[in-house]
Amino acid sequence: MKSSMQFVGFRLADQEYAFRIEQIQEILIPDRVTQMPQVADYIEGVSNLRGTIIPIINLRRLFDLEPKEKDEETRTIVANVGSRVIGCTVDGVTQVIRISLEQIQPAPEIVRSEGTAYIAGFARLDSRVVVLLEIEELLHPSKMEHVRRVAAPRVSIDLTA
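Residues numbered from 1 in each chain as written. Predicted model: local features only at pLDDT ≥ 70, side-chain atom pairs only at ≥ 80, totals over all residues. Heavy atoms only, no water.

1. Examining the pattern of salt bridges
Here is step 1: One pass over the structure, following the stated rule, counts 8 salt bridges.
Here is step 2: E73 serves as the salt-bridge partner of R11, at 3.9 Å between the closest nitrogen and oxygen. On the criterion of sequence distance, the pair formed by R11 in strand β1 (residues 4–12) and E73 in the loop between α1 (59–62) and β6 (75–81) is long-range, its members being 62 residues apart.
Here is step 3: Between E44 and K70 there is a salt bridge whose closest N-O contact spans 3.0 Å. Of this pair, E44 sits in strand β4 (residues 43–49) while K70 sits in the loop between α1 and β6, and the two are 26 residues apart along the sequence.
Here is step 4: With a relative accessible area of 9%, E44 lands in the buried category.
Here is step 5: For K70, a relative accessible area of 42% gives the class partly exposed.
Here is step 6: Here the salt bridges do not stand alone but share partners, grouping R20, E22 and E134 into one network. (Salt bridge = Lys/Arg side-chain N within 4 Å of Asp/Glu carboxyl O. Helix = DSSP H or I, 4+ residues; strand = E, 2+ residues; numbered from the N terminus. Buried < 20%, exposed > 50% of the residue type's maximum accessible area, 1.4 Å probe, protein only.)

This is how it looks when you write it as structure tokens:
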């Protein structure tokens, strides 16, 4: 049985998040994105990844956070979501993190009851709390609008209590 898992950590605003590493195909410096008319604002558009057209989702917009200009830290995380390949724009990639299973806490009942199935849990790393995201729930095309609705009226959760 595995006693730890590896994650790719990234930042959005002042919060650190992570995806399981086996779901990540690669991390890129953002390339040209072709904008699409009449799509949700969190969809930046599509990009050509070595001959394959992939959608690019801005996670900052999906989580209803303040907009931010891209800078030298901005990255696109290319993720495998079932049979799809989707790019996610994040403020910056922090590190590959090995997290022991003892450091992972499930999302509190109140968080799960709000329909946030896209939060797999929380990892306590020293004084930091990393939100572990469930990529299949977060980036599934039929669920993104729900993620947006749940994210909009944000409630902060104090995990230090």
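Right, picking up where we left off after that structure.
2. Quick notes on the sheet that holds strand β8 (residues 92–100)
Here is step 1: Strand order in the open sheet formed by 6 strands is β8-β1-β2-β11-β10-β9, with mixed pairing between adjacent strands. Among the strands making up the open sheet, the edge pair consists of β8 and β9 (104–105).
Here is step 2: Pairing between strand β10 (residues 119–125) and strand β11 (residues 128–133): 6 bridges, direction antiparallel. Looking at the pairing, L125 lines up with R128 of β11. (Pairing = 2+ DSSP bridges.)

3. A few points about the packing of aromatic side chains
Here is step 1: In this structure the tally under the stated criterion is 4 aromatic pairs.
Here is step 2: The interplanar angle of 20° and the centroid separation of 5.9 Å between the aromatic rings of F10 and Y17 together place this pair among those described as stacked. When sorted by exposure, F10 lands in the same class as Y17, which is buried.
Here is step 3: For the pair Y17 and F63, a centre-to-centre distance of 5.5 Å together with 45° between the ring planes defines the contact as tilted. Here Y17 is found in strand β2 (residues 15–20), whereas its partner F63 is found in the loop between α1 and β6, with 46 residues between them in sequence.
Here is step 4: The exposure class of F63 is buried, given its relative accessible area of 6%. (Phe/Tyr/Trp six-rings, centres within 6.5 Å; stacked < 30°, edge-to-face > 60°.)

4. Describing the environment of P141
Here is step 1: Relative to the assigned elements, P141 resides in the loop between α3 (135–138) and α4 (144–151).
Here is step 2: Taking the C-alpha atoms as reference points, P141 and R84, separated by 57 residues in sequence, lie 9.8 Å from one another.

5. With respect to the pairing of β11
Here is step 1: As defined by bridge partners, β2 adjoins β11 across 3 bridges and the pair is classed as parallel. Bridged to E16 within β11 is V130.
Here is step 2: Linking β10 to β11, which pair antiparallel, is a turn of 2 residues; within it D126 sits at a positive phi near 55°.

6. A short note on the nonpolar core
Here is step 1: Residues F19, L59, F63, L133 and L138 are the most contacted members of the largest nonpolar core, which totals 29 residues.
Here is step 2: Once you skip the residues sitting within four places of it in the chain, L138 turns out to touch F19, L59, L62, F63, Y118, L133, M144 and V147. (Core = buried A, V, L, I, M, F, W, Y, C linked by side-chain atoms within 4.5 Å. Contact = heavy atoms within 4.5 Å.)

7. Here we look at the side chain of T76
Here is step 1: Mapped onto the fold, T76 is located in strand β6.
Here is step 2: Beyond its immediate stretch of four places on either side in the chain, T76 contacts E26, I27, L28, P30, I56, G87, C88 and T89.

8. Quick look at the sheet that holds β6
Here is step 1: Ordered by their spatial adjacency, 5 strands build an open sheet running β3-β6-β7-β5-β4, and the pairing between neighbours is mixed. Unpaired on one side and paired on the other, β3 (24–28) and β4 mark the two borders of the sheet. Neighbour to neighbour, the strand axes of the sheet diverge by 30° on average, direction disregarded.
Here is step 2: Here β3 runs beside β6; their pairing, made up of 4 bridges, is antiparallel. (Axes fitted to C-alpha atoms, helices over the stretch in contact; angles between N-to-C directions.)

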